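Chain by chain, the residues run as shown.
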Amino acid sequence: MSKSVLIVGCGVFGLSTALELVQKGYKVTALDAYPIPSPWSAATDYNKIIRAEYADVLHTRLGVEAIHAWRTDPIFDGIYQECGRVLITPTHHQGRIEFENLGIQNLRLFGEGSRIQYFRGSEGLSNKFRAFRYNTIHEEYESKYNPEAGIAHSSNALIAVYKKCLQLGVEFIFHDKGKAVGVENDHGQGYVLTADGSKHTADQIVISSGAATGYILDLKYQQEASALFVTHIKLTPEEYKIFKDMPVLFDAELGYFFPPDPATHIFKIALPGTGASNNIPNPKGESQISLPRYKNNVPSDTMPRECVVQAKQILGKYVPELAYHDLIDCKAAWVANTSDSNFLIDRVPDFLNVYVATGDSAHGFKFLPNIGKYIVQKLEGVLDPEISALWKWRKRVNVDIKQNRYRIVSEPIDLADIEWMQESSRPRL
């Protein structure tokens, strides 16, 4: 009889793991409160950056491996677009500059990064990219362009993996029957409790519910849910023609934006920083903890009013002809931050059969094609010790992402203190 595995949460980590398991002959059941793509998943979106620059060699290797899969795996045909990425960093932020330089050095260890180009000031950027012809960056600013990076339509990527899992025999359970609310420990054996009152178990259980994992399992404060805000504008057909072939533009201080979506002409803008917290009593432990509050449950959760200025600033700096557009579909993408941005993939103490796979730290999506391989290696006891040590369960840790020098962070704000932007009621184009 095949070994059974129960997966709780069908986002990036859960779906990638389900696919790897079913391809290896396991009996796989997957639970989620919502059908794919779930409105609770940070990956339910138009697009996400796919890049491999990391300051550590391990994640560079995993990133290069993932990009090769995005390019070649038929599952992702038409989903990945290698549009390249432009990176602009303030000259005074030494930590970020060091991170970028290390990332490029590490790329070259794996035969990548040889096509990276450098430009100086406004003219250098505008000469290379028609989309940025009116940019106003200072002459001392250096732009880096890596053509071997891109974007994936993240919602479509989740749907594609889900369909492949269905085809291969994964059983999916949604709604209250699939909404996990806790894990019961019976002499080391784990049982997942769902909102309809059912109990589910298997030879092995993987809790992979991202930022919401703390609603199901006490993670001992090893991760914290953070809301990173995104907004959008809708381009006219004429504007779409101008911007459809642009690269991702990443301004490490102001934020980043993406090529418009071909189907909708929606242009996404993401804002950086620590984001916001939703500090509530820990439902599975002591004290308080930040856990997600989702827009489909609280529609007034758009984004802070000050983010409107920031979004208009980045448009005005690089694509001022688009700054007149109304901001639409403003929302928080809830991510699971760890202190060192490493994932948390390990067996849960006091359980014989329960594992956790979370801690995306806002960079996990790109590993959709390959993270499942490593999670399954952990389940099978064959994960590389170097990786296992980075992703291990730790004693209580108070998350502080400011210790990551590459992040340009702002002071965190609690949802209770936010003055929310009211979205325009004007008709869309």
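Above: the structure in question.
The structure reproduced in this document is the subject of the present report. (Residues numbered from 1 in each chain as written. Predicted model: local features only at pLDDT ≥ 70, side-chain atom pairs only at ≥ 80, totals over all residues. Heavy atoms only, no water.)

**Quick word on the packing of aromatic side chains**
So the rule is basically this: Here is the rule: rings of Phe, Tyr and Trp (six-membered ring for Trp) pair when centre to centre is within 6.5 Å. Planes less than 30 degrees apart are stacked, more than 60 are edge-to-face, and the remainder are tilted. Put simply, DSSP H or I for four residues or longer makes a helix, DSSP E for two residues or longer makes a strand, and each gets a number counted from the N terminus. Remark: exposure states derive from per-residue accessible area (1.4 Å probe, protein chains only) relative to the maximum for the residue type, with buried under 20%, exposed over 50%, and partly exposed in between. To sit over a ring, a charge needs its Lys NZ or Arg CZ within 6 Å of the ring centre and within 35 degrees of the ring normal.
With the rule as written, the count across this model stands at 23 aromatic pairs. On the numbers, 4.8 Å between centres and 10° between planes, the contact of Trp40 with Tyr294 is stacked. On the criterion of sequence distance, the pair formed by Trp40 in the loop between strand S2 (27-31) and strand S3 (48-50) and Tyr294 in the loop between strand S20 (288-290) and helix H7 (305-318) is long-range, its members being 254 residues apart. For Tyr294, a relative accessible area of 8% gives the class buried. A centroid spacing of 5.5 Å and a plane angle of 45° characterise the contact between Phe343 and Trp391, whose relative ring orientation is tilted. Separated by 48 residues along the polypeptide, Phe343 in the loop between strand S21 (328-337) and strand S22 (344-347) and Trp391 in the loop between helix H9 (385-390) and strand S24 (413-414) bring together distant segments of the chain. Pair check on accessibility: Phe343 and Trp391 agree, each one buried. An aromatic cluster is defined as three or more aromatic residues linked by ring pairs; in this entry it consists of Phe119, Phe129, Phe132, Tyr145, Phe243, Phe257, Phe267 and Tyr318. It is Arg85 that lies over the ring of Phe250; its NZ or CZ is 5.5 Å from the centre.

**Some points on the side chain of Glu100**
Spelled out, the test is: Residue contacts are counted whenever heavy atoms from the two residues lie within 4.5 Å of one another.
Tracing the sequence through the fold places Glu100 in helix H3 (residues 94-109). Ignoring sequence-local partners within four residues, the contact set of Glu100 consists of Leu87, Thr89 and Lys144.

**Concerning the pairing of S22**
Applied cut-off: Any two strands between which DSSP finds at least two bridges are classified as paired.
In the sheet, S22 pairs with strand S23 (residues 354-358) via four bridges, with the strands oriented antiparallel. Its bridge partner being in S23, Leu344 is matched across the sheet by Thr358.

**Let's talk about the sheet that holds S3**
Note on sheets: strands pair through backbone hydrogen bonds, and any given pair is parallel or antiparallel. Across the sheet, three strands lie side by side as S3-S8-S4; this open sheet has antiparallel pairing. At either end of the open sheet lies a strand with only one pairing partner, and these are S3 and strand S4 (80-81). Here S3 runs beside strand S8 (residues 150-152); their pairing, made up of three bridges, is antiparallel. Counted as the bridge partner of Ile50 is Gly150 from S8.

**With respect to the layout of surface pockets**
Using the following cut-off: Grid spacing is 1 Å over the protein atoms alone, the probe is 1.4 Å, and a cavity is where that probe fits but cannot get out, while a pocket is an open set with protein on both sides within 12 Å along at least five of seven lines and lining residues have an atom within 4 Å of a point. Grid points are joined across faces, edges and corners, and a volume is the space filled by probe spheres set on the points. For this classification, the nonpolar set comprises Ala, Val, Leu, Ile, Met, Phe, Trp, Tyr, Cys and Pro, the charged set comprises Asp, Glu, Lys and Arg, and every other residue, Gly included, is treated as polar.
Looking at the second largest pocket, its volume works out to about 440 Å³. Along the wall of the second largest pocket there are 24 residues; nearest its centre are Pro39, Thr44, Lys295, Lys331 and Ala332. Breaking the lining of the second largest pocket down by element, the ones donating at least two residues are strand S14 (224-234) and S21. Counting residues per element, the lining of the second largest pocket draws most heavily on S21, which supplies six residues. Of the residues contributing to the lining of the second largest pocket, the split by class is 12 nonpolar, five polar and seven charged.

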